[in-house]
Amino acid sequence: MGDSAKALPGQDCEMTGWLLKWTNYLKGYQRRWFVLSNGVLSYYRAEHGTGPNMGGRSAGGKLSIRRRRKGPRQENQAEMSHTCRGTISLHGALIHTVDSCTFVISNGGTQTFHIKAANEVERQSWVTALELAKAKAIRTMESEEEEEDSNALAIPSEELNVVIRDLSARLENLKTCYDLISKHGSALQRALADLENGDDLATKTKIVNERATLFRISANAMKNACSEYLQTAQSQGHKWSKMLQHERDQRQHLEEMVEQLARQHSHLEQAAHRHRPNVATSATSDDEDNEFYDAQEEGVSTNNSQEDSSFILKIPMTHRRGSNDATGSSSEGEDANSETQQVLVVTEKTKENSLDAVDRVSNASQSMSLVSTPKAIRKRRTRVPDKPNYPLNLWSIMKNCIGKELSKIPMPVNFNEPLSMLQRLTEDYEYADLLNKAAQCDDPCEQLAYVAAFTISSYSTTSNRTGKPFNPLLGETYECDRLDDLGWRCVAEQVSHHPPMAAIHCEGRGWSCWQEFTMTTKFRGKYLQVIPLGVAHVDFNATGHRFTWRKVTTTVHNIIVGKLWVDHHGDMDIVGENSATGIKCHLKYIPYSYFTRDTQRRVKGVVMNADGQVKWVLNGTWDNKIEIAPVISTNGTKDSPIYKTGNYKTIWSRRLPPPDSDKYYSFTTLACQLNEWEEGVSPTDSRRRPDQRLMEEGKWDDSNAEKVRLEEAQRLRRREREAEAESAASEGRPYPPYEPVWFTKLKEEGNDTLSHVFKGNYWECKQKQDWSKCPNIF
């Protein structure tokens, strides 16, 4: 801002200039020098004593420079690299316009720049340049990936190049000999024709003999050249055949070696699982489980029931100046001051009526029928067609995917399940009755305990579901109206393609829940790691309490050989907002390990009030059940408190899938109903997606072909939008970026983060069957 910006000479979509950036630690906009170059936006701290200059001028997107003091010198790359305060790569960035002067750039959740320009023209110039740079970065990335794929098929051998040059030279000799034979053959024919005239026979006979001699010499040369070419080709062909066979043998040997190593690793894991170490052998480790064993030796009861319900938990005490942890807002590069507080939770069996504190919510049966309800209007299906057995060489596909983003790998449907990511997000609400119970709670801490159990329940189906959902197309939607039997309905839409992002809104009995879901994925050979970046919110209508959280990391093991299995691990903080500000729940998902006495897939956590005091305790597993208990007393020191709880109560238990569900993708009953055909849904609904429907019907070859067609059509639409944007930029007029149909970007309350919020007009359009706003994507 102030001194404005300019386009760098000789470079496309690149700009430099002063702008104002929101800094958390100073809680205000500060003047920074921004550089847009090579698809990356970087910023630098302003020199001391330079304040914002509001007198910048601009014209047609290319802005003039008037500086009081110079920014970082563009010719000194070492200085720029040293003083850079932060960068965002644009190929997967989201660019939002907030108002006439402010815009926001985010990479999907971990980093966000809030930037303010001097005026609307300057803001539009930067936004246009950023959009063009993003399109250019995406094209460059795709072209590099295509070049890598083509280079992977080539054989970079110098010897091969030498042989090709030799054969090319011999082929040229053959062409020369052919030209000579044609030339001398024509001369010989003319000489023979002259000989028929009968005049001066001696001279003409001599000429004929000379022509015949030249023709014979040329023919011999042609014969020798052909022989040499044939010998060279035969010798090199035999050599190439041996080389090819050697490469095949090496590949087969490698595959057998990897398979053998994977089997050995699997056997070792099974052996370790059968022979877990006892307390004495594991007490030398430094992990939290062994700390728990040490605590037992100091006087905590060691019986089995107490062992499962008593635990030690380290709670991070993070103090970030002016930053909201749930929003992922950027700061000026300052690290958060992180401390941990270790608490000991002990269950004390009492005769007090402590269970009543948990039973204040209606003790209705948690198991809610998905099919037969008193007011059931429609009988829904309970299964999908069986999964066909299609053989596939997994290693031949996955070996070229190491280190690449999963969303950018053209995977065949053999790895998929016949559901889209939008439908998988909807499946998170299978246990929405926990939110119904939370809506009836008056105590916000107790309410948060039920919300925490709901967040854990969303992982229950992943214990035996390893299929990859279909990546939604841009503009694809999904609706699930289950008000009649389950009491909730939701709408989801794919709102961004680079990076892939989905938005979903669900409303139930006294609550509404919405989230943006985006993720980063990396394939590391044996396992695949999925790191979610989106933020989820739940709002309770009666109390005005709002809670916000992010999902934890998911890892898929045994990618190459062995049975696939999924694990979730990491810390989750559920933070209260609005009237619930200050209330917080800290959950710890324990990673799966064969070398522990602790329960596998365990989740433990505490709910704290605004003063940091633990009020409720959660304990259980994400694939089975969750129990909660109120804290009845507190002992110990302030730094290491000991919380004693009353009796635990099970508030969530997983509904197991049908016994034969392994035949149809291990779907639960609700999962089987998600893709059931319904009339009257949007033309962009996932149920209408042809490749997904063909896969469900078992026609995988047709599904693969249809999947390629849909993806190519999506790329074509994106290139058309990019061409229109470039045309608008060259003409100096703004070009609006892609806007979702049912969601819009709004600023969240209490911070400057923009998120996609449901517009609320979907159900009205469905009632009228007015789908005029929907694009044609299928």
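For clarity, every value in this text was computed on a predicted model and none was experimentally measured.

What follows is about the side chain of Q423. Looking at the element boundaries, Q423 is found in helix α9 (residues 421-426). Once you skip the residues sitting within four places of it in the chain, Q423 turns out to touch P418, Y478, L674, N675, S686 and Q692.

Okay, helix α14 (residues 700-730) next. Taking 1.5 Å per residue as the helical rise, α14 with its 31 residues ought to reach 45 Å, and the 45 Å between its terminal C-alpha atoms agrees with that figure. All of the buried residues along α14 are W700, S703, E706, K707, L710, E711, Q714, R718, E722, A725 and A728. In the stretch just after α14, G732 is the one whose phi turns positive, near 75°.

Considering all chains together, one arrives at 17 aromatic pairs under this definition. Relative to W33, the ring of W18 has its centre 5.2 Å away and its plane inclined at 75°; by these criteria the two rings are edge-to-face. Here W18 is found in strand β2 (residues 15-23), whereas its partner W33 is found in strand β3 (residues 28-37), with 15 residues between them in sequence. The same class applies to W18 and to W33, which are both buried. Ring centres of Y429 and W488 lie 5.9 Å apart, and the angle between their planes is 45°; on these two criteria the pair is classed as tilted. Taken together, the residues Y429 in the loop between α9 and α10 (433-439) and W488 in strand β16 (residues 488-496) connect sequence positions 59 residues apart. Accessibility expressed as a relative area gives 2% for Y429, which makes it buried. In this structure, R31 is placed above the aromatic ring of W18, and the distance from its NZ or CZ to the ring centre is 3.9 Å.

Every second residue of strand β29 (residues 641-645) is oriented toward a common face, the buried set being P641, Y643 and T645 and the non-buried set I642 and K644. The sheet contact formed by strand β28 (residues 625-636) and β29 spans five bridges and is antiparallel. The residue of β29 that forms the bridge with S633 is K644. The hairpin formed by β28 and β29 contains four residues between the paired strands.

It is worth spelling out the pattern of salt bridges at this point. As enumerated under the stated definition, the model contains 31 salt bridges in all. The salt bridge involving E696 is made with R381; its shortest N-O contact spans 3.0 Å. Here E696 is found in helix α13 (residues 690-696), whereas its partner R381 is found in the loop between β12 (337-347) and α8 (394-398), with 315 residues between them in sequence. Through salt bridges that share partners, R378, R380, E676, E678, D685 and R687 make up one connected network.

What follows is about unusual backbone geometry. Cis rather than trans, the peptide bond between H498 and P499 has omega equal to -5°. Within the fold, P499 resides in the loop between β16 and β17 (501-507). A positive phi is found at N38, a non-glycine position, where the angle reads about 55°. Take N38: it is sitting in the loop between β3 and β4 (40-45). Classification of N38 by relative accessible area gives exposed; the value is 67%. In this model, S666 sits at a positive phi of 60°, which is unusual for a non-glycine residue.

Quick look at the confidence of the model for the protein chain now. Chain-level statistics for the protein chain give a pLDDT mean of 77 and a share of 75% at 70 or above. Considering only residues more than four positions removed or in separate chains, one finds that residues 48-79, a stretch of pLDDT under 50, has 66 contacts. Note on residues 152-156: pLDDT under 50 across the span, and one contact to partners over four residues away in sequence or across chains.

What follows deals with helix α11 (residues 444-457). Between its first and last C-alpha, α11 extends 20 Å over 14 residues, near the 20 Å set by a 1.5 Å rise per residue. At the N-terminal end of α11, a side-chain oxygen is found 3.2 Å from the backbone nitrogen of C445, two or three residues along, and the residue is D443.

Moving on, we come to the environment of V566. Note on placement: V566 falls in strand β24 (residues 565-578). Overall, V566 belongs to the buried group, its relative accessible area being 5%. For V566 and T466, which are 100 residues apart along the polypeptide, the C-alpha to C-alpha distance reads 7.1 Å. Non-local contacts of V566, meaning those with residues more than four positions away in its chain, are made with T462, R465, T466, T554, T555, V556, R601 and W622.

Moving on to the environment of Y589. The topology assignment puts Y589 in strand β25 (residues 584-589). Taking C-alpha positions, Y589 is 6.6 Å from H568, a pair spaced 21 residues apart along the chain. In contact with Y589, not counting residues within four places along its chain, are T455, I456, Y459, V552, H568, H569, G570, M572, R602, V603 and W622.

Counting residues in each nonpolar core, the largest one holds 68 residues, and the members touching the most others are V451, I574 and L587. Top element by residues in this core is α11. It accounts for nine residues. In this structure, I574 is in contact with L448, V451, A452, T455, F547, T548, W549, I583, K584, C585 and L587, ignoring residues within four places of it in sequence. M15, A93, V127 and A129 belong to the second largest nonpolar core, which has 20 residues in total.

Take the side chain of T548 next. Tracing the chain through its elements places T548 in strand β22 (residues 545-549). Overall, the relative accessible area of 1% leaves T548 in the buried class. A distance of 3.1 Å separates a polar atom in the side chain of T548 from a polar atom in the side chain of E577.

Rules used in this analysis
- Residues numbered from 1 in each chain as written.
- Predicted model: local features only at pLDDT ≥ 70, side-chain atom pairs only at ≥ 80, totals over all residues.
- Heavy atoms only, no water.
- Helix = DSSP H or I, 4+ residues; strand = E, 2+ residues; numbered from the N terminus.
- Contact = heavy atoms within 4.5 Å.
- Expected span 1.5 Å × (residues − 1).
- Buried < 20%, exposed > 50% of the residue type's maximum accessible area, 1.4 Å probe, protein only.
- Phe/Tyr/Trp six-rings, centres within 6.5 Å; stacked < 30°, edge-to-face > 60°.
- Lys NZ or Arg CZ within 6 Å of the ring centre and 35° of its normal.
- Pairing = 2+ DSSP bridges.
- Salt bridge = Lys/Arg side-chain N within 4 Å of Asp/Glu carboxyl O.
- pLDDT = per-residue confidence, 0-100.
- Polar contact = N/O pair within 3.5 Å; in protein donor to acceptor, adjacent residues only side chain to side chain.
- Core = buried A, V, L, I, M, F, W, Y, C linked by side-chain atoms within 4.5 Å.

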